[in-house]
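Take a look at the letters that make up each chain.
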Amino acid sequence: MGCEQSTGSGSSHESIPPSTTPGAARNLSLAASVSAKGGIDKWNSEDDDLDSLLKMLSAMCKATTPDGALKEVKAIMSLGHNLWAYAYMRMLYAKNLEVYYATLLKKPSMLLPVVYTPTVGEACQKFGKLPAFRRGCYISIKDRGNVKKVIEEYAASELSQGPDGKYMCDCIVFSDGGRILGLGDLAAWGMGIPVGKLDLYTVCAGVNPYRTMPVILDAGCTDASGNSDKIVIRESPKYTGLKQDRAKHQSEAGTTVNTAFYTEKSFVGEFMQAASDVFGEHVLLQFEDFNSNDAFPLLAEYRDKFLTYNDDIQGTAAVAVAALMGAAKLRNPGCTDLVGELKKQTFLFHGAGSANIGTLKLLVDEAGVPRERLFVTNSRGVIWKSADGKEGSFRNDEQKQFAQVGKPNYDSTKLTTVLEQIKPISLVGAVGVAPGCFDKDVVNTMVHLNKEQRPSIFALSNPRDKAEITATDAYTWSNGAVIYGSGTAFEDVDVGGKTFAPGQVNNVYIFPGVSFGAICCQAKSIPERIFMVAAEAVANSLNGDDIKADRIVPHPDRLREVGLNVATAVVLETQKLGLAGKTLGADHALVRNTLASLMWSPFYSGDQE
């Protein structure tokens, strides 16, 4: 079942899957270069590589049931490189959306890493080298003043209308592609992220996929210097987006930002208002993978004007806090006050991007962790400020608010020295550009400083080759003493006869449930408090098997269960705060049962080949 129309999540199925039966012709809502070529069919057919790939993928993808699809995709995965499996799954979606989601639901722990991280990183880097499909709306800065018409064109082609004549869309994930994972500016090629994110909405929380919309706001693309692997994107003949540089300027805070987002007629503001006009005020608009310099001010500007949040800041923060509480639970499985445990601990955050800054904000503002127990570094070392705040090593206002008062009297650029001075129980890495920076000396120092209880080390940078430390190194160097978590999934590690299952500290545990809960109760806004209760719901979802395996977040096969737990906590808190437009129940059991009945499921979920 899907949510009732009045709730916003719609009936469980529309009669004609838009992925298999194209609606009205599209031109405005295609990627700029694809539109200029004459549409998706011409884009694919007039390029020999794309034409051949499309035919090969179509020939490979013959399954009509989830069991058949699993056989096919497993065979492809046996080759050991999942980019082909990613391409296969995109073809499966295009051929039959119902089978696609049924397949994902049968083996989420196997397939979610294929359709999202870590595979989606490489897929985005090569997005234009893969055949183009209909899914996804592209809105260019050249569409300013006309954004509503672009959205309406996409809706007329890919979405359905309700009894009131409005196109039905419950949630939109939108990005400018400015900071795709840890890979930098991929611009229009970043569409793989909104697409993958919405897949996780459906698999992990039952959001109706027929009422979702992935969007790229195309504000231009920097040259190869703007992405971590120095890939030529903008000048590539296969680049799908607008072939022009981004217009940027220095903000009042001294950061470099996208000019189009801050003019009197903001590109982002016009998009959000247009989406609200077309789909109604309850449509959820999720920011995704904007550069940090834009992410914070844009969230501040629009969070109280629309139903919106930034998953990179708030969702990532919430799952990091959930993992820190999970580590506390591993140290003391009987602990019932996980937030209270956090208040007693000292933390070092290595890297001062949106992920770590968001986590720091949540720990201070909602968990009540004293600021003096929180330390953060940037490329200049431990961030500090003078007593009057006029001097320091901070790079923006967000870093400044967590800067220590006074310049460190030690070499704060050397990580082991910082650890010895601060003595944290938890080290959280989200640097993005320093793979392997948590070396053996760092691990040994953390173990030495925490002889009474196990230290936790999190390597949250994505994709895998950007991780600050691997699971194998963390467990083997510490002889199993370290509690480990990572942003990208790592395999289990055997040390001293014990198998350790590294938990993937991924916001997939947070955003599907947050979004589903907000949609179903018609939330008016999503304050920070919501992300704290979501984090607690994740940590409290750990069971005996998770603790035995040393897993700081629940097993990924339980993601849908966790999504329901999170959505339940979100709805209860939203109702408590007076922000729910619709009451789903007076207590936990009633809300949970109501939400469970509203979760979308594919037709083919029980079929056998």
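Details of the structure are given in the entry above.
On a predicted model such as this, the values are computed, not experimentally measured, just so you know.

S.K.: Now, about the overall build of the protein chain: what can you tell me, with residues and values included?
M.R.: A tally of helices and strands in the protein chain yields 24 helices and 18 strands. By the compact-globule yardstick of 25 Å for 609 residues, the protein chain fits well, its C-alpha radius of gyration being 23 Å. With the C-alpha coordinates aligned to their principal axes, the bounding extent of the protein chain is approximately 65 × 50 × 50 Å. Out of the 609 residues belonging to the protein chain, those deemed buried represent 63%. A total accessible area of about 22300 Å² is found for the protein chain, and carbon and sulfur atoms account for 49% of it. For the protein chain, the distance from the average site of its 62 positive side-chain charges to the average site of its 69 negative ones is 1 Å.

S.K.: Before we move on, can you summarise the pairing of strand β8 (residues 347–350) with the specific residues and values?
M.R.: Judged by which residues are buried, β8 turns out to be covered on both faces: F347 and F349 on one side and L348 and H350 on the other are all buried. Here β8 pairs with strand β13 (residues 426–429) via 4 bridges, running parallel. Looking across to β13, one finds that L348 is bridged to L427. Of the strand pairs in this sheet, β8 and strand β9 (residues 374–378) are connected by 4 bridges, and their pairing is parallel. By the bridge assignment for β9, F349 is matched with V376. With respect to chirality, the unit in which β8 leads through helix α15 (residues 354–365) into the neighbouring parallel β9 is right-handed.

S.K.: An account of the packing of aromatic side chains is requested, with residue identities and associated values reported.
M.R.: In total, this model carries 19 aromatic pairs according to the counting rule given. Taking 6.1 Å as the distance between ring centres and 80° as the angle between the ring planes, the aromatic pair formed by Y93 and Y101 counts as edge-to-face. Accessibility expressed as a relative area gives 11% for Y93, which makes it buried. When the ring of F347 is compared with that of F349, the centres are 6.4 Å apart and the planes differ by 35°; the resulting orientation is tilted.

S.K.: Any details on the pattern of salt bridges? Residues and values, ideally.
M.R.: Using the criterion set out here, one finds 28 salt bridges in the structure. Residues K55 and D51 are paired through a salt bridge, measuring 3.1 Å at the closest nitrogen-oxygen approach. One end of the pair is K55 and the other is D51, both in helix α3 (residues 48–60) and 4 residues apart, which spans about a single turn. Residue classification places K55 among the exposed positions, given a relative accessible area of 56%. For D546, the salt bridge is made with R558, and the minimal N-O distance between the two is 2.8 Å. With D546 in helix α22 (residues 544–548) and R558 in the loop between α22 and α23 (559–576), the pair connects residues that are 12 residues apart, well separated along the chain. Since its relative accessible area comes to 15%, R558 is described here as buried. Overlapping salt bridges, with partners in common, bring together D546, R551, R558 and E561 in one network.

S.K.: With reference to specific residues and values, describe the nonpolar core.
M.R.: Residues I172 and F174 are the most contacted members of the largest nonpolar core, which totals 183 residues. By residue number, the principal contributor to this core is helix α13 (residues 311–331), which donates 13 residues. Those residues in contact with I172, other than ones at most four positions away along the chain, are M213, V215, F271, A275, F279, V283, L284, L285 and Q286. Ranked by size, the runner-up nonpolar core spans 25 residues in total, among them F375, F438, M446 and A474.

S.K.: Would you mind going over the pairing of β9 in detail, with residue names and values included?
M.R.: Across the 5 residues that make up β9, a large majority, 5, are buried. Side chains of β9 alternate between two faces, with L374, V376 and N378 and F375 and T377 buried alike. The sheet contact formed by β9 and strand β10 (residues 381–382) spans 2 bridges and is antiparallel. Bridge assignment links T377 to a residue of β10, and that residue is V382. The hairpin turn running from β9 into β10, its antiparallel successor, is 2 residues long.

S.K.: Tell me what's going on with helix α7 (residues 108–115), and back it up with residues and numbers.
M.R.: Summarising burial for α7: 6 of the 8 residues are buried, a large majority. The complete set of buried residues in α7 reads P108, L111, L112, P113, V114 and V115. Where α7 is buried, its residues meet α4 (66–77), α5 (83–95), α6 (97–106), α8 (119–125), α10 (192–205) and α23.

S.K.: So, the packing of α13 against helix α21 (residues 528–539): which residues are in play, and what are the values?
M.R.: Two elements in contact, α13 and α21, have axes whose closest approach is 8 Å; the angle formed by their N-to-C orientations is 40°. Crossing geometry of α13 relative to α21 is assigned as right-handed. Of the residues in α21, those in contact with Q314, G315, A318, V321, A322, M325, G326 and K329 of α13 are E528, F531, M532, A535, E536, V538 and A539. Grouping the amino acids of the contact of α13 with α21 by side-chain chemistry returns 9 nonpolar, 3 polar and 3 charged.

The rules we used
Residues numbered from 1 in each chain as written. Predicted model: local features only at pLDDT ≥ 70, side-chain atom pairs only at ≥ 80, totals over all residues. Heavy atoms only, no water. Helix = DSSP H or I, 4+ residues; strand = E, 2+ residues; numbered from the N terminus. Rg over C-alpha atoms; globule rule 2.2 N^0.38 Å. Buried < 20%, exposed > 50% of the residue type's maximum accessible area, 1.4 Å probe, protein only. Areas by Shrake-Rupley, 256 points an atom, 1.4 Å probe, with all protein chains shown as cover. Lys, Arg positive; Asp, Glu negative; His and termini not counted. Charge placed at Lys NZ, Arg CZ, Asp CG, Glu CD. Pairing = 2+ DSSP bridges. Right-handed = clockwise from strand over helix to strand, strands pointing away. Phe/Tyr/Trp six-rings, centres within 6.5 Å; stacked < 30°, edge-to-face > 60°. Salt bridge = Lys/Arg side-chain N within 4 Å of Asp/Glu carboxyl O. Core = buried A, V, L, I, M, F, W, Y, C linked by side-chain atoms within 4.5 Å. Contact = heavy atoms within 4.5 Å. Axes fitted to C-alpha atoms, helices over the stretch in contact; angles between N-to-C directions. Left-handed = near helix turned anticlockwise from the far one by under 90°. Nonpolar A, V, L, I, M, F, W, Y, C, P; charged D, E, K, R; others polar.

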